[in-house]
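# Fold and geometry: a report
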Amino acid sequence: MSKSDPAWITVGRIGAPYGVKGWVKIQSYTEIPSNILDYDPWHLRPEKATDADWREARLDGARVHGKGVVAKFAGCDDRDAAALLCGQEIAVRREQLPAAEEGEYYWADLVGLRVETLDGTELGRVDHLMATGANDVLVVEGERQRLIPFVTGHIVKDIDLAGGVIRVDWEADYLQ
């Protein structure tokens, strides 16, 4: 997920080659993995590159395969070429996404927000989120790292995107 340019939303990552004809496995970050196929065009960049390194990539094909997604990029015609794509991030432009519903948030909108307790104690800033199966988790970096369940209503009490703050019912000294 791009922390420096909100115009780009990371929606997945290229995994291992699939077969010998240039196809690759896709690790989708969308809530329903096959939803990544709804976006066109995709943009790619090597891991840990800058926002200036995004380049549009044309798909020759993409489909659901089992519980995952596989894709073939234009010009990628064999397993060796596919291997060179491994690890590259997949992003779309922000305007390609539908508007978030009331009370819903894109992870990219939460990254960088300040996190504070109900009494105003600052815990740090959201570095990233992770899916655990049970619920998503805010990874908050401050004087130490905190993992805070992203459970709206019970733990996450308020998200003020304009003010840049998330208020949580969480004690600063909770151990993880």
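Please refer to the structure placed before this passage.
Heads up: these notes are all about the structure in this document. (Residues numbered from 1 in each chain as written. Predicted model: local features only at pLDDT ≥ 70, side-chain atom pairs only at ≥ 80, totals over all residues. Heavy atoms only, no water.)

Another point: the environment of Val69. Relative to the helices and strands, Val69 resides in strand E6 (residues 68-73). Separated by 78 residues in sequence, Val69 and Leu147 place their C-alpha atoms 29 Å apart. Apart from residues lying up to four places away in sequence, Val69 is in contact with Val24, Lys25, Ile26, Pro33, Ser34, Ile36, Leu37, Arg63 and Val64. (Helix = DSSP H or I, 4+ residues; strand = E, 2+ residues; numbered from the N terminus. Contact = heavy atoms within 4.5 Å.)

Let's shift gears to the pattern of salt bridges. Within the structure shown, the criterion is met by 11 salt bridges. Between Glu143 and Arg146 there is a salt bridge; the shortest N-O distance is 2.7 Å. Classification of Glu143 as exposed rests on a relative accessible area of 61%. For Arg167, the salt bridge identified is with Asp158, shortest N-O distance 2.7 Å. Assessed through its relative accessible area of 27%, Arg167 is described here as partly exposed. The exposure class assigned to Asp158 is partly exposed, which follows from its relative accessible area of 33%. (Salt bridge = Lys/Arg side-chain N within 4 Å of Asp/Glu carboxyl O. Buried < 20%, exposed > 50% of the residue type's maximum accessible area, 1.4 Å probe, protein only.)

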